[in-house]
Amino acid sequence: QVQLVESGGGLVQAGGSLRLSCTASGSIFRINTMGWYRQAPGKQRELVAAVTSGGSTNYADSLKGRFTISRDNAKNTVYLQMNVLNPADTAVYYCNALAKSAAWERWYDYWGQGTQVTVSA
């Protein structure tokens, strides 16, 4: 089993910045992709950004240029730097990891509990 713990959410004014962190722990053999998703009230969960173990990144088109994802493989940690935030960015942000606990196991999708990001106008 792999556990994901997010931190860094909170309340920020429009135009401000936040940095989210997510650390994976538990029985980890290998982590492939790590990423961030978000879900606003009444909306579906959507991809924010993802990064592979090799450093390749993928962003939601609408967030390119404002959000930056990075990863520290040695610490099993992924970060999301969010700049020029606006009220439309208000959501619960979830960390995601595609990981396996042993070489012979299949890959599993793991999710964190989520961290609230609220951007005031």
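As a convention, each chain's residues are numbered from 1 in the sequence order in which they are written. pLDDT decides what is reported in this predicted model: residues at 70 or higher carry local features, side-chain atom pairs at 80 or more are listed and counted, and totals for whole chains, interfaces and linings draw on all residues regardless. Computation of side-chain values: all heavy atoms of the structure, hydrogens and water removed.

J.: Would you mind showing me how to read the environment of Val-5 here?
T.: Where helices and strands are cited, they refer to DSSP runs of H or I of at least four residues and of E of at least two residues respectively, numbered from the N terminus. With respect to the helices, strands and loops of the structure, Val-5 is situated in strand β1 (residues 2-7). For the pair Val-5 and Cys-22, spaced 17 residues apart in sequence, the C-alpha to C-alpha distance is 5.4 Å.

J.: When you look at the nonpolar core in this model, what are you seeing that I'm missing?
T.: Side chains of a nonpolar character, in soluble globular proteins, are inclined to be buried together. As used in this record, nonpolar core signifies buried Ala, Val, Leu, Ile, Met, Phe, Trp, Tyr and Cys residues forming a set joined through side-chain atoms within 4.5 Å. Working definition: with a 1.4 Å probe on protein chains only, accessible area under 20% of the residue-type maximum means buried, over 50% means exposed, and in between means partly exposed. Membership of the largest hydrophobic core comes to 31 residues, with the highest contact counts inside it found for Trp-36, Leu-80, Met-82 and Tyr-93. Elements that contribute at least two residues to this core include exactly β1, β3 (18-26), β4 (30-39), β5 (46-51), β7 (67-72), β8 (77-82), β9 (91-100) and β11 (115-120). With five residues, β9 is the single largest residue contributor to this core. By definition in these notes, contact holds between two residues if any of their heavy atoms fall within 4.5 Å. Here Leu-80 is in contact with Leu-18, Arg-19, Leu-20, Trp-36, Val-48, Ala-49, Phe-67, Thr-68, Ile-69 and Tyr-93, once residues within four sequence places are set aside.

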